[in-house]
Amino acid sequence: MSSDDQEGLSSAAASARGATARRPLIRLCGVAKSYPGKDGPMASLDPLSFDIDEGEFVSVVGPSGCGKTTLLKLVAGLLPVSAGELTLSGSRIDGPQRNVGIVFQSAVLLAWRNVLDNILLQAEMRKLPMAAARERALKLIATAGLEGFEKSYPWQLSGGMQQRVSICRALLHDPSVLLMDEPFGALDAMTREKMNLELQRIWMGSKKTVLLITHSIPEAVFLSDRVLVMSERPGSIAAIYDIDLPRPRPLDVMSSAEFARYTQSIRGHFFTQGSLDH
Amino acid sequence: MSKLFSSTWARPFLLILIVLVLWDLAILVFGIPQYLVPAPLAVAEQIWNEWPMLLGESLPTVYATLGGFALSVVIGVPMAMMIAYSRLIESYLYPLLVFSQSIPKVAIAPLFVVWFGFGLLPKVIVAFLLGFFPIVVSTVMGFKSVEVDMVDLARSMGSTRLNMFLKISLPHALPSIFSSMKVSITLAVVGAVVGEFVGSNAGIGYVLQKANGNFDLPLMFAALVFLSLIGVLLFLAIDAIERLAIPWHVSQRGTVHSTMRWR
Ligand SMILES: Nc1ncnc2c1ncn2[C@@H]1O[C@H](COP(=O)(O)OP(=O)(O)OP(=O)(O)O)[C@@H](O)[C@H]1O
Ligand SMILES: [Mg+2]
């Protein structure tokens with residue numbers, strides 16, 4: 001009884017500290033990745049070291065082929081690291097994690113399942129109670145503006161709608177970490193901005209930790225607490241920018257001088273590297 | 001009437017009608033004798049007179065076809081799964097499979113008569129030998145063509161291997177399996193007839209053999225008509241099952257046009 005109290009107190013104290021101090025959730029320490037090539041291993045990621053704090057929104061931008069997807073798959077536990085230490089809340093990532101949701105570059109919906117069943121795949125695979133999952137899925141569908149399409153099949157949806165379904169699926173088990181690989185890459189500019197606002201709203205409401213890969217610098221600046229700029233392949237960290245813009249950020253912020261300064265300096269990295277990735 | 005011509009299901013029949021007319025005309029114009037090519041009407045008359053016999057003789061052919069086809073699916077699909085999931089098994093099996101396909105079945109069919117006699121079994125085996133290869137090839141491709149992202153997605157959800165198979169790979173492979181089943185069933189018909197050619201006293205293959213020996217060309221053509229009907233009906237049966245099993249697939253959405261869709 002008394003020990004219970006003590007534990008309760010100490011964890012309360014810890015969370016009180018967390019409000020002011022940074023609490024790294026994902027830590028990369030010299031993480032590198034190489035793929036087997038024709039003549040020996042081919043380096044895809046040079047050793048990277050950085051932390052992502054709990055509740056933080058971090059974006060990664062970089063030229064095509066610099067290893068952004070590779071980085072995301074490492075964090076997702078879908079690929080083993082070649083070197084270094086990669087941890088999620090203190091324990092090594094050695095496989096897919098329970099507390100992580102992933103949105104891939106393409107929507108990867110199953111053609112034989114309708115919208116609702118595609119989202120529920122997450123619950124089936126993780127063996128979650130189905131009734132509760134169903135209720136939550138319907139709520140997510142409503143949030144994503146997909147009401148009335150629960151029974152539609154992927155081929156009956158637009159690209160943007162498909163990607164929204166895949167985001168709902170990634171959120172179904174309420175993960176504390178959300179990993180996204182260019183989720184809006186295939187969308188038109190207007191839909192994309194709407195999705196950005198939506199994502200910001202979801203993030204501010206749930207305080208999830210988000211790692212977003214994107215090739216749009218404005219998108220990265222608009223959404224992120226920090227933007228990580230990667231160099232040409234084999235990828236390494238070229239720079240990290242803290243984005244000090246007040247939240248919630250309206251779309252207007254994109255036309256502010258401060259915003260332009262951020263995008264300018266980030267874009268500068270690509271020009272000096274001789275690569276134009278948007 | 002014009003409505004009839006514009007409906008999709010009527011078109012193949014229309015084409016058949018045109019071919020029949022051309023056939024008849026050719027016989028008249030070039031004066032082809034009856035013992036070389038029978039007139040369509042002579043064949044029709046033969047069908048009219050002999051249909052109870054032809055129908056009866058169709059049954060053994062259908063049984064042999066279905067037997068060989070069932071074996072093709074029951075053996076071909078699991079074999080394809082093993083090949084798709086194990087490099088080792090693939091390296092052992094695949095070359096042998098390809099090798100086995102280059103042996104002409106007609107040449108080895110008599111061997112099965114020696115081994116298994118005049119019953120149904122040797123025909124089933126020849127039908128199987130012809131029918132199972134397309135199923136293996138196409139099913140392997142179906143299982144192997146699951147997108148990497150889809151596999152990663154399932155893995156990220158902590159999927160078990162069984163769930164990965166049941167919920168991702170198998171449904172993904174179904175369209176390939178069905179299309180190969182359509183090829184397989186028509187080849188199985190050929191196999192059954194080849195089996196009947198080399199040694200039997202029943203079946204459409206036997207009728208063909210006999211009619212050939214008696215220079216009874218109208219009967220031979222009538223038997224061929226029954227044989228094609230068997231092939232078409234079995235094909236349509238699989239097509240119907242496919243439509244029920246994978247209504248979600250591109251080929252079933254009604255936005256594409258294929259000739260075998262009778263609707
Ligand atoms: N499975 C693999 N086997 C071998 N090499 C790979 C593999 N996957 C990626 N690579 C290599 O690793 C490098 C990084 O690939 P990655 O997909 O991470 O790039 P990316 O930054 O996501 O690019 P993009 O912006 O075009 O999506 C590429 O040069 C690629 O050739
Ligand atoms: Mg990528």
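Presented here is an overview of the structure given in this document. Note that the structure is predicted; figures quoted are calculated from it, not measured.

1. Describing the overall build of chain A
- Check the secondary structure of chain A and you find eight helices and ten strands.
- Buried residues in chain A amount to 49% of all 278 residues.
- For chain A, the share of sequence-separated contacts (at least 6 apart) that also reach a separation of at least 24 residues comes to 70%.

2. Some details on the overall build of chain B
- Across its full length, chain B carries ten helices and zero strands.
- Ordered by position in the sequence, the α and β elements of chain B form the string α-α-α-α-α-α-α-α-α-α.
- Dimensions along the principal axes, computed over C-alpha positions, put chain B at roughly 75 × 55 × 30 Å.
- Carbon and sulfur atoms form 75% of the exposed surface of chain B, whose accessible area is close to 14100 Å².

3. Thoughts on the interface of chain A and chain B
- At the junction of the two partners, chain A supplies 22 residues and chain B supplies 19 residues.
- For the pair chain A and chain B, the summed buried surface comes to about 2000 Å²; carbon and sulfur atoms form 65% of the total.
- The three residues of chain A that bury the most area against chain B are Trp112(A), Met125(A) and Trp155(A), which together make up 35% of that side's buried surface.
- Linking chain A with chain B are three salt bridges, by the criterion used here.

4. So, the site of ligand 1
Residue and element names in this part refer to chain A.
- Every residue lining ligand 1 is accounted for by Tyr-35, Ser-44, Ser-64, Gly-65, Cys-66, Gly-67, Lys-68, Thr-69, Thr-70, Gln-105, Glu-182 and Arg-233.
- Between Ser-44 and ligand 1, the recorded distance is 3.1 Å, taken from a side-chain N or O atom to an oxygen atom.
- Contact distances for ligand 1 include 2.8 Å between an oxygen atom and a backbone N or O atom of Gly-65.
- In isolation ligand 1 exposes 640 Å². Once the protein is present, 62% of that is buried.
- Looking at the shell around ligand 1 residue by residue, the class counts come to two nonpolar, seven polar and three charged.

5. Comments concerning the nonpolar core
- In this structure, Ile26(A), Ile102(A), Leu179(A), Ile168(B) and Ile204(B) are the most contacted members of the largest nonpolar core, which totals 73 residues.
- Here the element with the most residues in this core is helix α8 (residues 161-198) of chain B; it accounts for eleven residues.
- With residues up to four places along the chain from it excluded, the contact list for Ile168(B) reads Leu110(A), Trp112(A), Leu121(A), Met125(A), Val146(B), Met150(B), Ala154(B) and Asn163(B).
- Ranked by size, the runner-up nonpolar core spans 49 residues in total, among them Val103(A), Ala170(A), Leu199(A) and Ile243(A).

6. Quick notes on the side chain of Glu182(A)
All names here are of chain A.
- With respect to the helices and strands, Glu-182 occurs in the loop between β7 (177-181) and α6 (189-206).
- Although buried, Glu-182 forms no salt bridge, and the nearest oppositely charged side chain, Lys-68, lies 4.3 Å from it.
- Separated by 2.9 Å, the side chains of Glu-182 and His-215 make a polar contact.
- Leaving out residues up to four positions away in the same chain, Glu-182 has contacts with Lys-68, Gln-105, Ile-213, Thr-214 and His-215.

7. Here's the deal with the pattern of salt bridges
- Scanning the model with the defined rule gives 17 salt bridges over all chains in all.
- Among the ionic pairs, Asp149(B) bridges to Lys73(A), the shortest N-O distance being 3.8 Å. Of this pair, Asp149(B) sits in helix α7 (residues 148-156) while Lys73(A) sits in helix α2 (residues 68-76), on two different chains. Here the two residues Asp149(B) and Lys73(A) agree in accessibility, since each one is buried.

8. Some remarks on the pairing of strand β9 (residues 226-230) of chain A
Residues and elements named next belong to chain A.
- Judged by how many residues are buried, β9 sits mostly within the fold: five of five residues are covered.
- Neither face of β9 is left uncovered, since the one carrying Arg-226, Leu-228 and Met-230 and the one carrying Val-227 and Val-229 both have all their residues buried.
- Sheet topology note: the strand β3 (residues 57-61)/β9 ladder contains four bridges and is parallel. Bridge pairing links Val-58 to Arg-226 in β9.
- Relative to strand β10 (residues 237-242), β9 is paired through five bridges, and the arrangement is antiparallel. Bridging across to β10, Met-230 finds its partner in Ile-237.
- In sequence, β9 turns back onto β10 through a hairpin of six residues.

Cut-offs and rules
- Residues numbered from 1 in each chain as written.
- Chains lettered and ligands numbered in written order.
- Predicted model: local features only at pLDDT ≥ 70, side-chain atom pairs only at ≥ 80, totals over all residues.
- Heavy atoms only, no water.
- Helix = DSSP H or I, 4+ residues; strand = E, 2+ residues; numbered from the N terminus.
- Buried < 20%, exposed > 50% of the residue type's maximum accessible area, 1.4 Å probe, protein only.
- Contact = heavy atoms within 4.5 Å.
- Areas by Shrake-Rupley, 256 points an atom, 1.4 Å probe, with all protein chains shown as cover.
- Buried area = accessible area lost by both parts, 1.4 Å probe.
- Salt bridge = Lys/Arg side-chain N within 4 Å of Asp/Glu carboxyl O.
- Near = heavy atom within 4 Å.
- Polar contact = N/O pair within 3.5 Å; in protein donor to acceptor, adjacent residues only side chain to side chain.
- Nonpolar A, V, L, I, M, F, W, Y, C, P; charged D, E, K, R; others polar.
- Core = buried A, V, L, I, M, F, W, Y, C linked by side-chain atoms within 4.5 Å.
- Lys, Arg positive; Asp, Glu negative; His and termini not counted.
- Pairing = 2+ DSSP bridges.

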